[in-house]
Amino acid sequence: PARNHQGVVYVLFLFIPGMADVMAEVAKGSDEVLEVDLLSGRLDLSGQLDQEDDGGSEDPSMPLRISFSLQDLKLTEKLGLTGARGQFNRKADGSLDGGLRGLLGGEVPLELSLTRPSEGGGSLTMSSSDAGAALEAADLYRGAKGGRLVVNAQFGRGEAGGVSGSARIDDITVRSASTFQRVLRQGGLEQAQAQITRSGLGFRKVWVPFEYRDGVLTLSDAIATSSALALKVNGTLDEETEVLDLSGVMSPAYALTGVLNEVPVLGQILSGGEGEGILAMTFTLRGPARDPELSVNPLSLLAPGFLRNLFSGGGSDGTGSEKFQARIRNAPDR
């Protein structure tokens, strides 16, 4: 123990093989909250964060304020930060809030904020000023550069569990992606394919609504738009088997053909809504994520938008496009 103006401060060295190797100062603050300062070392929270949250597993009687400045902080098996700094507060009712910042993969700036009510669930926001590097560091996507990333997610409660939310990326450039190039080549868009190889293809906006449950990532009307083309994708990725099952719509010359989206009724009939133009073809990607089987249906190229789901295997209840456009209209401009 040592002393400061608030009273006794306990200095601890905590070593747990495979989880923690830190120095900490523990004291009771002037507001009677127990303050824990993690001053150096490394901490692995992946095992804790992966556990199911039942909304009442912890003793809510001890309010805590945890501050940290760590060399290494592991959040999940794939996500880790160096130079992690932040603070989290747990109130007497068990609710939790706070935030942190650091370098993802030791190079990419990442900020995170978390709110978890005492009854379970909660919300998470992540942002990075270099979306392409963040996606690569998280082993999610390789071959993109630049852009700003903002992810908003909500945690399910109890047995429902899972995570749902949306990711938005503004002004990102795709430079090299073999699967994407295959889609462009078989779709007859050699010029766009050549641009990716040469200087990269810039996308003004990428919007990805998602749900993650039981190891399966589900995409619902994810879009990427640029002046050259637009993509809309639905489907799943099984994390355990690394198998893709995606279907999508690809629209060349989107700056010209996508303008009809703003025309009531006619835009829905001819273009199929946001992310689709008059000229658009459907495609599917199924099989191992590293080398999926690609199928492009050129017969859908001249089909009106409301008929394209017949070629792509999409739903026929007519509500998907309306719900999607509502999400786009409500998406924050960051």
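Residues numbered from 1 in each chain as written. Predicted model: local features only at pLDDT ≥ 70, side-chain atom pairs only at ≥ 80, totals over all residues. Heavy atoms only, no water.

1. Some thoughts on the overall build of the protein
The condition is simple: In DSSP terms, a helix is any run of H or I states spanning at least four residues, a strand is any run of E spanning at least two, and both are numbered starting from the N terminus. Exposure classes here rest on a 1.4 Å probe applied to the protein chains alone. A residue is buried below 20% of its type maximum, exposed above 50%, and partly exposed in between. What makes two residues a contact is simply this: any of their non-hydrogen atoms within 4.5 Å. Per-residue and other accessible areas follow the Shrake-Rupley method at a 1.4 Å probe size, with only the shown protein chains counted as cover for residues.
Check the secondary structure of the protein and you find 8 helices and 18 strands. Split into buried and exposed, the 334 residues of the protein put 41% on the buried side. Within the protein, residue pairs in contact and separated by at least 24 positions form 48% of the contacts whose partners lie at least 6 positions apart. Surface summary for the protein: the accessible area is close to 17900 Å², and the carbon and sulfur share equals 55%.

2. Overview of the pairing of strand β6 (residues 80-90)
Applied cut-off: When DSSP finds at least two bridges between two strands, those strands are taken to pair.
Bridge count between strand β5 (residues 64-74) and β6: 10 bridges; the pairing is antiparallel. Along β6, the bridge assignment pairs Phe-68 with Gly-86. Between the antiparallel neighbours β5 and β6 lie 5 residues. Judged from the 8 bridges that link them, β6 and strand β7 (residues 96-104) form a sheet pairing that is antiparallel. Bridging across to β7, Gly-86 finds its partner in Leu-100. In this structure, the hairpin formed by β6 and β7 is closed by a connection of 5 residues, where Gly-94 is found at a positive phi of approximately 95 degrees.

3. Points about the pattern of salt bridges
Let me state the cut-off plainly: What makes a salt bridge here is a side-chain nitrogen of Lys or Arg within 4 Å of a carboxyl oxygen of Asp or Glu, nothing more.
Enumeration over the complete set of coordinates arrives at 7 salt bridges. Arg-65 serves as the salt-bridge partner of Glu-35, at 2.7 Å between the closest nitrogen and oxygen. One end of the pair, Glu-35, is in strand β4 (residues 34-44); the other, Arg-65, is in strand β5, with 30 residues separating them in the sequence. The residue Asp-245 makes a salt bridge to Arg-286 at a minimum N-O spacing of 2.7 Å.

4. As for the side chain of Arg-65
Taking relative accessible area as the criterion, Arg-65 reaches 18% and is therefore assigned buried. Discounting chain neighbours no more than four positions away, the residues touching Arg-65 are Asp-31, Val-33, Leu-34, Glu-35, Val-36, Gln-87, Phe-88 and Asn-89.

5. Focus on the environment of Asp-37
One can find Asp-37 in strand β4. Residue classification places Asp-37 among the partly exposed positions, given a relative accessible area of 25%. Along the primary structure Asp-37 and Ala-24 are separated by 13 residues, whereas in three dimensions their C-alpha atoms are 5.4 Å apart. For Asp-37, the residues in contact, after removing those within four places along its chain, are Met-23, Ala-24, Glu-25 and Ser-67.

6. Some points on the packing of aromatic side chains
So the rule is basically this: Between 30 and 60 degrees the pair is tilted, below 30 it is stacked and above 60 it is edge-to-face, where a pair is any two Phe, Tyr or Trp rings, Trp via its six-membered ring, whose centres lie within 6.5 Å.
Summed over the entire model, instances satisfying the criterion amount to 1 aromatic pair. Ring centres of Phe-68 and Phe-88 lie 6.2 Å apart, and the angle between their planes is 10 degrees; on these two criteria the pair is classed as stacked. Taken as a pair, Phe-68 in strand β5 and Phe-88 in strand β6 lie far apart in primary sequence, 20 residues in all. When its relative accessible area of 14% is taken as the criterion, Phe-88 is described as buried.

7. Notes on unusual backbone geometry
The phi dihedral of Asp-171 is positive, around 60 degrees, even though this residue is not glycine. In this fold, Asp-171 is placed in strand β12 (residues 163-174). In this structure, Glu-242 takes a positive phi of about 55 degrees despite not being glycine. Among the secondary structure elements, Glu-242 is positioned in the loop between β15 (229-238) and β16 (243-252). The exposure class assigned to Glu-242 is partly exposed, which follows from its relative accessible area of 43%.

8. Side note on the confidence of the model for the protein
Short version of the rule: A residue's pLDDT is the confidence the predictor assigns to it, expressed on a 0 to 100 scale.
Put simply, the protein has an average pLDDT of 76, and 70% of its residues get 70 or more. Scored below 50 in pLDDT, residues 255-272 shows 47 contacts in the model against residues more than four places distant or in partner chains. Predicted confidence for residues 310-330 stays below pLDDT 50, and this span has 30 contacts to residues more than four positions away or in other chains.

9. Considerations on the pairing of strand β17 (residues 281-288)
With 6 of its 8 residues buried, β17 lies for the most part within the structure. Here 8 bridges tie β16 to β17, and the two strands are oriented antiparallel to one another. In the strand pairing of β17, Val-243 is matched with Pro-288. The pairing of β17 with strand β18 (residues 293-297) spans 5 bridges and is antiparallel. Pairing of Thr-284 across the sheet is with Ser-295, part of β18. Between β17 and the antiparallel strand that follows it, β18, lie 4 residues.

10. Describing the environment of Ala-131
Looking at where Ala-131 falls in the secondary structure, it is placed in helix α2 (residues 131-137). Remark: the alpha-carbon pair of Ala-131 and Gly-147, spanning 16 residues in sequence, is separated by 5.0 Å. Apart from residues no more than four positions distant in its own chain, Ala-131 is found in contact with Gly-146, Gly-147, Arg-148, Leu-149, Ile-169 and Ile-172.

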